[in-house]
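Okay, here's what each chain looks like letter by letter:
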Amino acid sequence: MCYDIKTKVEAALKRARHYGNEEAVQMLIEKFRPFLEDEWFHVSGFQHPKLLIYTGDNSEMPLVASWGLIPFWVKNEQQQLDIWNKTINARGENIFEKPSFRTSARSKRCLVYIDGFFEHHHFAGSTYPYYIQRKDGEPITLGGLWDEWTNKETGEVVNSFTIVTTKANSLLKKIHNNPKLKESRMPLILDERQEEIWLKGTANDAKKLIVPAADGYLKAHTVRKLRGKNSVGNSPEAIEEFIYPELHSVLDLN
DNA sequence: CCAGACGTTGTT
DNA sequence: GTCTGG
DNA sequence: CCAGACGTTGTT
DNA sequence: GTCTGG
């Protein structure tokens with residue numbers, strides 16, 4: 001699964017820079033700056049941060065969306081608050097059937113650019129967070145779903161998104177070993193070719209992309225606690241390597 | 001028929 | 001052990 | 001997902 | 001909006 005990420009506006013703009021024009025990108029930065037954190041070293045989906053996502057509507061121009069998908073049929077603010085803690089991830093195997101996701105799975109798929117994500121390793125009754133990133137340090141593109149919801153109480157239109165998950169690859173299987181969970185999961189990671197299909201292809205084309213990332217291009221290291229009173233919050237320390245001696249003597253990721 | 005849910009994860 | 005809050 | 005609370009009473 | 005449970 002994927003509940004914790006590291007990202008920054010600069011990473012999200014990678015796509016706009018590559019496929020769009022620099023002038024438009026500069027205008028975007030100015031337009032979005034008031035609404036966005038420049039850099040999240042660690043942010044959880046439960047905080048529902050606003051991030052930049054890319055949609056099929058205009059695949060070079062990002063838009064601002066909150067993490068935690070609010071389906072278009074949500075009736076009121078109470079229902080919104082109830083549902084968006086449950087739609088931070090979307091199980092890839094079921095997105096075309098689940099009421100909360102199926103409309104978006106058919107016609108509102110999106111891309112989320114991040115620098116890395118976090119998963120917890122369980123050992124001897126404790127949890128140890130790992131930060132996972134590309135070996136080459138480039139942004140990771142995640143496959144997501146988005147929707148547009150109108151808050152009838154205020155008239156405000158809210159964009160929101162969820163991260164699609166799939167089975168873990170071998171690295172994530174080693175890390176993500178919660179004893180309560182039988183099968184480990186990881187976010188859907190797309191390469192450049194797959195990004196275009198995810199945004200513009202048919203539902204059937206998109207479905208075929210929902211598989212674990214190839215082995216060998218991600219790396220991971222342990223970091224400080226992400227949750228509870230000992231967490232460091234949104235600080236550069238969140239992604240720094242932090243050694244837990246009791247763990248490093250037993251877990252070999254290679 | 002209406003009311004209520006609509007999600008993720010997956011066991012010692 | 002299990003639920004809630006973040 | 002993990003961390004932390006999980007109760008009564010009644011007010012600084 | 002649509003399905004399920006009662």
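Residues numbered from 1 in each chain as written. Chains lettered and ligands numbered in written order. Predicted model: local features only at pLDDT ≥ 70, side-chain atom pairs only at ≥ 80, totals over all residues. Heavy atoms only, no water.

Asks: I'd like a rundown of the overall build of chain A, residues and numbers included.
Replies: Helix and strand counts for chain A come out as 8 helices and 13 strands. C-alpha atoms of chain A, sized along the principal axes, occupy 55 × 40 × 40 Å. Expressed as a percentage of its 254 residues, the buried residues of chain A come to 51%. For chain A, the share of sequence-separated contacts (at least 6 apart) that also reach a separation of at least 24 residues comes to 68%. A total of about 12,200 Å² of accessible surface is found on chain A, and carbon and sulfur atoms cover 51% of it. (Helix = DSSP H or I, 4+ residues; strand = E, 2+ residues; numbered from the N terminus. Buried < 20%, exposed > 50% of the residue type's maximum accessible area, 1.4 Å probe, protein only. Contact = heavy atoms within 4.5 Å. Areas by Shrake-Rupley, 256 points an atom, 1.4 Å probe, with all protein chains shown as cover.)

Asks: Could you give me a rundown of the packing of aromatic side chains, with the residues and numbers involved?
Replies: With the rule as written, the count across this model stands at 6 aromatic pairs. On the basis of an interplanar angle of 70° and a centroid distance of 5.4 Å, the ring pair of Y54 and Y113 is categorised as edge-to-face. Of the two residues, Y54 sits in strand β3 (residues 50-55) while Y113 sits in strand β6 (residues 109-114), which places them 59 residues apart along the sequence. In this structure, Y54 and Y113 share a single accessibility class: buried. Ring centres 4.9 Å apart and planes at 75° place the aromatic pair Y128 and Y244 in the edge-to-face group. Of this pair, Y128 sits in strand β8 (residues 126-134) while Y244 sits in the loop between β13 (218-222) and α8 (245-248), and the two are 116 residues apart along the sequence. Overall, Y244 belongs to the buried group, its relative accessible area being 9%. Members of the aromatic cluster, joined through ring pairs, are Y128, F242 and Y244. (Phe/Tyr/Trp six-rings, centres within 6.5 Å; stacked < 30°, edge-to-face > 60°.)

Asks: A description of the pattern of salt bridges should follow, citing residues and the corresponding values.
Replies: Within this structure, the stated rule accounts for 18 salt bridges. Its salt-bridge partner being R134, residue D136 comes within 2.8 Å of it at the nearest N-O pair. A salt bridge links K208 to D205, with the shortest nitrogen-to-oxygen separation between them at 4.0 Å. Here the residue K208 and the residue D205 both occupy positions in helix α7 (residues 203-208), the gap between them amounting to 3 residues, near one helical turn. Relative accessible area serves as the criterion here: at 62%, K208 is assigned to the exposed category. Residue classification places D205 among the partly exposed positions, given a relative accessible area of 32%. The network of salt bridges with shared partners includes K6, K8, E39 and D115. (Salt bridge = Lys/Arg side-chain N within 4 Å of Asp/Glu carboxyl O.)

Asks: Any details on the packing of helix α1 (residues 9-19) against helix α2 (residues 22-32)? Residues and values, ideally.
Replies: Each pair of packed helices can be summarised by the angle the axes make with each other and by the distance between the axes. Running from N to C, α1 and α2 point in directions that differ by 150°, and their axes come no closer than 8 Å. In terms of orientation, α1 lies roughly antiparallel with respect to α2. The handedness of the crossing between α1 and α2 is right-handed. Contact with α1, carried on its side by L13, A16 and R17, involves E22, V25, Q26 and I29 of α2 and no other residues of that element. Taken together, the residues of the contact of α1 with α2 break down into 4 nonpolar, 1 polar and 2 charged. (Axes fitted to C-alpha atoms, helices over the stretch in contact; angles between N-to-C directions. Parallel < 35°, antiparallel > 145°, perpendicular 65-115°, else oblique. Left-handed = near helix turned anticlockwise from the far one by under 90°. Nonpolar A, V, L, I, M, F, W, Y, C, P; charged D, E, K, R; others polar.)

Asks: Residues and numbers for unusual backbone geometry, please.
Replies: Of note in the backbone geometry, H48 takes a positive phi value of approximately 50° without being a glycine. For H48, the position within the fold is in the loop between β2 (39-44) and β3. Of the residues examined, H48 reaches a relative accessible area of 11% and is grouped as buried. Located in the positive-phi region is A124, a residue other than glycine, with phi close to 50°.

Asks: Tell me about the nonpolar core, and name the residues and values.
Replies: F117 and F161 are the most contacted members of the largest nonpolar core, which totals 32 residues. Mapped by element, the contributors of at least two residues to this core are β2, β3, β4 (63-67), β6, β8, β9 (140-150), β10 (157-167) and α5 (170-175). Sequence-distant contacts of F161, defined by excluding residues within four places in its chain, comprise L51, I53, A65, S66, W67, G68, L69, T87, C110, V112, L145 and W146. Counting residues in hydrophobic clusters, the runner-up holds 29 residues, among them L52, Y113, L188 and L190. (Core = buried A, V, L, I, M, F, W, Y, C linked by side-chain atoms within 4.5 Å.)

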